[in-house]
Amino acid sequence: MRPTAAAVTLAASWMLVGCAGPADAPGTPADESFADIAYALPEQAPRRFGFGAEASAARVARWDTDVKPDGEGLPAGKGTVAEGEVVFMTYCVACHGPTGTEGPNDVLVGSDPWEAWPGSVTVGGYWPYATTLYDYISRAMPQLTPGVLTPNQTYAVIAYILHRNGVVAADAEMDAQTLPAVIMPARDRFVVDDRQGGSQIR
Amino acid sequence: MSEKHGPRLSRRAWITTTSGVVAAGLIKTQADALRLDAQTAPLQTPDPTKVPGRFTSEVGRRAVGEQPRRLARAQALSSSAQSPLQDLMGIITPADLHFERHHAGIPEIAKGSHELLVHGMVDRPMVFRMSDIERYPRVSRLYFIECSGNGGSAYSRENMPTEITVQALDGLLSTSEWTGVPLSTILREVGVRSGASWLLAEGSDAAMMSRSVPLEKAMDDALLAFGQNGEAIRPEQGYPLRLMLPGWEGNAQVKWLRRIEVTDRPTMTREETSKYTDPLEGGTARQFSFLMDAKSTITFPTYPFVLPERGWWEITGLAWSGRGRITRVEVSTDGGARWADAVLQQPVLPKCTARFRHLWEWNGRETVILSRATDDTGYVQPTVQQLWEARGERTRYHFNHQRAWKVASDGAVTFGLGDLV
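Reading the values: rules and limits
Residues numbered from 1 in each chain as written. Chains lettered and ligands numbered in written order. Predicted model: local features only at pLDDT ≥ 70, side-chain atom pairs only at ≥ 80, totals over all residues. Heavy atoms only, no water. Buried < 20%, exposed > 50% of the residue type's maximum accessible area, 1.4 Å probe, protein only. Helix = DSSP H or I, 4+ residues; strand = E, 2+ residues; numbered from the N terminus. Pairing = 2+ DSSP bridges. pLDDT = per-residue confidence, 0-100. Contact = heavy atoms within 4.5 Å. Axes fitted to C-alpha atoms, helices over the stretch in contact; angles between N-to-C directions. Parallel < 35°, antiparallel > 145°, perpendicular 65-115°, else oblique. Nonpolar A, V, L, I, M, F, W, Y, C, P; charged D, E, K, R; others polar. Core = buried A, V, L, I, M, F, W, Y, C linked by side-chain atoms within 4.5 Å.

A look at the pairing of strand β16 (residues 295-300) of chain B
Residues and elements named next belong to chain B.
- Counting buried positions along β16 gives 6 out of 6 residues, so the element sits mostly inside the fold.
- For β16 and strand β17 (residues 311-320), the ladder comprises 5 bridges, and the chain directions are antiparallel. For Ser-296, the partnering residue across the bridge sits in β17 and is Ala-319.

Dropping the structure here:
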């Protein structure tokens, strides 16, 4: 890529967040002879082409439904462990089993990560963020009818899954404040890609 | 598959073509007969030189005898299908044989109703129809895509397979010429705000598959791709629009792309936490390990091929690196004791598979053949022991260790890494 001012700013902000991205690694030289030429816009390219339309706030809101680890994006609503058991037995049990361990699909309940590593690749044993449950379940579960759960049902089933994993108490209630505050057992296990490039095997 | 590498002699052909010469003492072995047979193959009936052929057609089809197939095993929404590497030549994967990996099946999307929303830390949130995206200056490039779980069935010390095809082992790898618009062009159009460092890419499938991608990659060589090998991307590959992150693991190259949110932190989606992270020895897991390190795999001879005779055989395979260009592939035909440089077939392109070839005179004795790739960063494809050492034996993705195939004295080829560990 031609080093534009924007790119330099971006590279700097990348350094600030401290992420060892592959382009930081000596192992990823820009391929001057090939990529740069192909990707660069021609000299006469306008500042903006103007193809496409501006998206209204409402248009953005309709699709901007992801949930960030700090809770950004979580909707209003709440649900308890007890309510979640009902949701789970109605919508999830067929594929994840009565206690979340029997399958036939992914095992959701498992041991503490400290017992072995990776002891069980489950919510309790491996997941670093509780908010990912909201993000994922609201996108993709139940697998055959994604999107059927209301926010209250989603919070509730999350409370239930977290409780089964020993992460929250039996009387816990999940909402936009309590969910991001949950500290997952595997929270500190994750390290950003630390391969250094070059000949090192890591 | 043996017919690819030498006509198999039917009993009838053997009798009719050889009865005379056997009597004359000219042929002693079936191999002699094979050579003879190649020169006197029975004529096809009807003789194609005596009957007119068929007319032109709007869409071509494969020869009747050529039916390469993906390995589509599980009838499940979250599943995969491997490319038939043993049947492919050169470096391009025919689009209909490109490997598949989906998390909620293949959505049926009409191009006319597909939109890409780009928003977040941008000056102008925008929505693009496909006709808008296609109007921006385009780029066509050859890149491989590989699922980071590829090769995982040959990593466990206890469960090294023997009777496994290269398709089942390494078939989550394909190469296409991709056409699209650089993502940097679109990001320039919307105006990325300072402080932004990541984006979230989201698919339009029933899993709304999502991954966080560093903005630096987006500004470097990421593509919004709509073309594959000269035509529109196949539905299995993300029609009408997918994210291409050259050299990075397949999962992050979100298919059926409908939304990009520019952010200042990763979203920590399920596919970058619970999955596609690498548990390491010592209780940690490597996250955002996008880059595919250098790797090679022999595609011929591999299980279940049986070398029908000793003599000259060309060992061939593919080598690739997400870091750049392959500079060298070495082949060993004696279990790794000695290595020889294989021929690298041009073109050898960055972040693309390269075809290697090595002519080998097999002496008929049992041996193990291997390949190892080196890329332009100086990285040499490690042995499985080196990967175990570096990442532990329970890691779950990025299995780029050397593969080995055992050739038995009867010519039978099986996966041979188990013999070396």
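Quick look at the sheet that holds strand β1 (residues 71-72) of chain B
All names here are of chain B.
- Read from one edge to the other, the open sheet built from 3 strands follows the order β1-β2-β3, with strand pairing classed as antiparallel. Each edge of the open sheet is held by one strand with a lone partner, namely β1 and β3 (100-102).
- Of the pairings in the sheet, the one linking strand β2 (residues 79-82) to β3 comprises 3 bridges and is antiparallel in character. Looking across to β3, one finds that Ser-80 is bridged to Arg-101.

A closer look at the confidence of the model for chain B
- Of all residues in chain B, 90% attain a pLDDT of 70 or more, and the chain-wide mean is 92.
- Segment residues 1-27 of chain B is flagged for pLDDT under 50; beyond a separation of four residues in sequence, or across chains, it makes 37 contacts in the model.

Digging into unusual backbone geometry
Residue and element names in this part refer to chain B.
- Thr-45 connects to Pro-46 through a cis peptide bond whose omega is -5°.
- For Pro-46, the position within the fold is in the loop between α2 (30-39) and β1.
- Its identity as a non-glycine residue notwithstanding, Asn-229 has a phi of 50°, on the positive side.
- Within the fold, Asn-229 resides in the loop between β10 (223-228) and β11 (231-232).
- A positive phi angle is found at Lys-351, which is not glycine, with a value near 55°.
- Along the chain, Lys-351 falls in the loop between β20 (343-345) and β21 (354-362).
- Judged by relative accessible area, which is 10%, Lys-351 ranks as buried.

Some thoughts on the packing of helix α4 (residues 81-91) of chain A against helix α8 (residues 151-164) of chain A
Residues and elements named next belong to chain A.
- α8 packs onto α4 with a crossing angle of 95° between their chain directions and a minimal axis gap of 7 Å. Classified by the interaxial angle, the pair formed by α4 and α8 is roughly perpendicular. Two secondary-structure elements touch here, α4 through Val-81, Glu-83, Gly-84, Glu-85, Val-87, Phe-88, Met-89 and Tyr-91 and α8 through Gln-153, Ala-156, Val-157, Ala-159, Tyr-160, Ile-161 and His-163.
- Split into classes, the residues belonging to the contact of α4 with α8 amount to 10 nonpolar, 3 polar and 2 charged.

Comments concerning the nonpolar core
All names here are of chain B.
- The biggest cluster of nonpolar side chains holds 48 residues, and the ones touching the most others in it are Leu-307, Ile-326, Val-329, Phe-356, Trp-360, Trp-405 and Phe-415.
- With 5 residues, the top contributor of residues to this core is β17.
- Beyond its immediate chain neighbours, meaning those up to four positions away, Ile-326 contacts Ala-319, Trp-320, Ser-321, Leu-344, Val-348, Ala-354, Ala-373, Thr-374 and Asp-375.

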